[in-house]
Amino acid sequence: MASPFCGYTISTFTRGIKTLSALLKKAEEHAKENNIPLDEVLNARLVEDMKPLSFQIVTATNTIYKTLARASFVEIPPQQEPDKTYEDLYKRLDRTLAELETVDLAKIASKEGQKFKVPLGNNEFDWTAEDYSVRLAIPNFYFHVVTVYDILRARGVQIGKMDYLSEFTA
């Protein structure tokens, strides 16, 4: 039997990646239909001191890889830099979905309740996979998914609340 971490966290991440993929497709269509250079949307930011849309997608996927590694008590894979094209981002999203489909749930469940250290700013916290997921990983993941949505709305992409929620409510 899979742990609550596995069921809830894996499902949330899977649905969020599918949401990002759908949003990215709408962004690409919008750019093509309106003769907007494709990289203009990928480099768009909400405000100047925030990271661009491509960074938000990369960080969302990196959050997943960090979470899976920590929950499995394995070394965190190197964090990848932002991709530069829609094709690269689609490949990243597809790879992340494939990774979520092949997670060793038994390995994670066998580690349930064990603590690991997580650096956060100047501090370090001891968390279990369950606490880490609920208190840091999923909120961080949602932040980046919502930021993608917000950047696209601010750029005139015709999306609404259900474009964000549809995968989460399916």
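Parameters at a glance
Residues numbered from 1 in each chain as written. Predicted model: local features only at pLDDT ≥ 70, side-chain atom pairs only at ≥ 80, totals over all residues. Heavy atoms only, no water. Helix = DSSP H or I, 4+ residues; strand = E, 2+ residues; numbered from the N terminus. 1 Å grid on protein atoms, 1.4 Å probe; cavity = no way out; pocket = protein on both sides within 12 Å on 5 of 7 lines; lining within 4 Å. Points joined across faces, edges and corners; volume = space filled by probe spheres on them. Nonpolar A, V, L, I, M, F, W, Y, C, P; charged D, E, K, R; others polar. Phe/Tyr/Trp six-rings, centres within 6.5 Å; stacked < 30°, edge-to-face > 60°. Buried < 20%, exposed > 50% of the residue type's maximum accessible area, 1.4 Å probe, protein only. Lys NZ or Arg CZ within 6 Å of the ring centre and 35° of its normal. Expected span 1.5 Å × (residues − 1). Bend = angle between axes of the 7 residues up to and from the residue.

Comments concerning unusual backbone geometry
Right, so step 1: In this structure, Asn-35 takes a positive phi of about 50 degrees despite not being glycine.
Right, so step 2: Take Asn-35: it is sitting in the loop between helix H1 (4–33) and helix H2 (38–42).

Side note on the layout of surface pockets
Right, so step 1: Within this model, the second largest pocket holds a volume of roughly 170 Å³.
Right, so step 2: If you go around the second largest pocket, the residues you meet are Tyr-65, Leu-68, Ala-69, Ser-72, Val-74, Pro-77, Glu-99, Thr-102, Val-103, Asp-104, Lys-107 and Ile-108.
Right, so step 3: Those elements giving two or more residues to the lining of the second largest pocket turn out to be helix H3 (53–72) and helix H5 (105–110).
Right, so step 4: Considering each element in turn, the lining of the second largest pocket owes the most residues, four residues, to H3.
Right, so step 5: Residue composition of the lining of the second largest pocket, by class: seven nonpolar, two polar and three charged.

Considering the packing of aromatic side chains
The description of an aromatic ring pair rests on the distance of the ring centres and on the angle between the ring planes.
Right, so step 1: Counted according to the given criterion, the structure contains eight aromatic pairs.
Right, so step 2: With centroids separated by 4.9 Å and ring planes inclined at 70 degrees, the aromatic side chains of Phe-13 and Phe-141 adopt a geometry described as edge-to-face. Of this pair, Phe-13 sits in helix H1 while Phe-141 sits in helix H6 (residues 129–154), and the two are 128 residues apart along the sequence.
Right, so step 3: Since its relative accessible area comes to 0%, Phe-141 is described here as buried.
Right, so step 4: Put simply, the rings of Phe-73, Phe-116, Phe-125, Trp-127 and Tyr-132 touch in pairs and so form one group of aromatic residues.
Right, so step 5: When the ring centre of Phe-55 is taken as reference, the NZ or CZ atom of Lys-51 above it lies at 5.5 Å.

Details of H6
Right, so step 1: The terminal C-alpha atoms of H6, which comprises 26 residues, lie 35 Å apart, in line with the 38 Å expected from a rise of 1.5 Å per residue.
Right, so step 2: Ala-137 marks where H6 bends most, by close to 35 degrees; the proline Pro-139 follows one to four residues later.
Right, so step 3: Phi turns positive one or two residues past the end of H6, at Gly-156, with a value near 90 degrees.

Bear in mind that shape data such as this cannot, by itself, settle questions of function.
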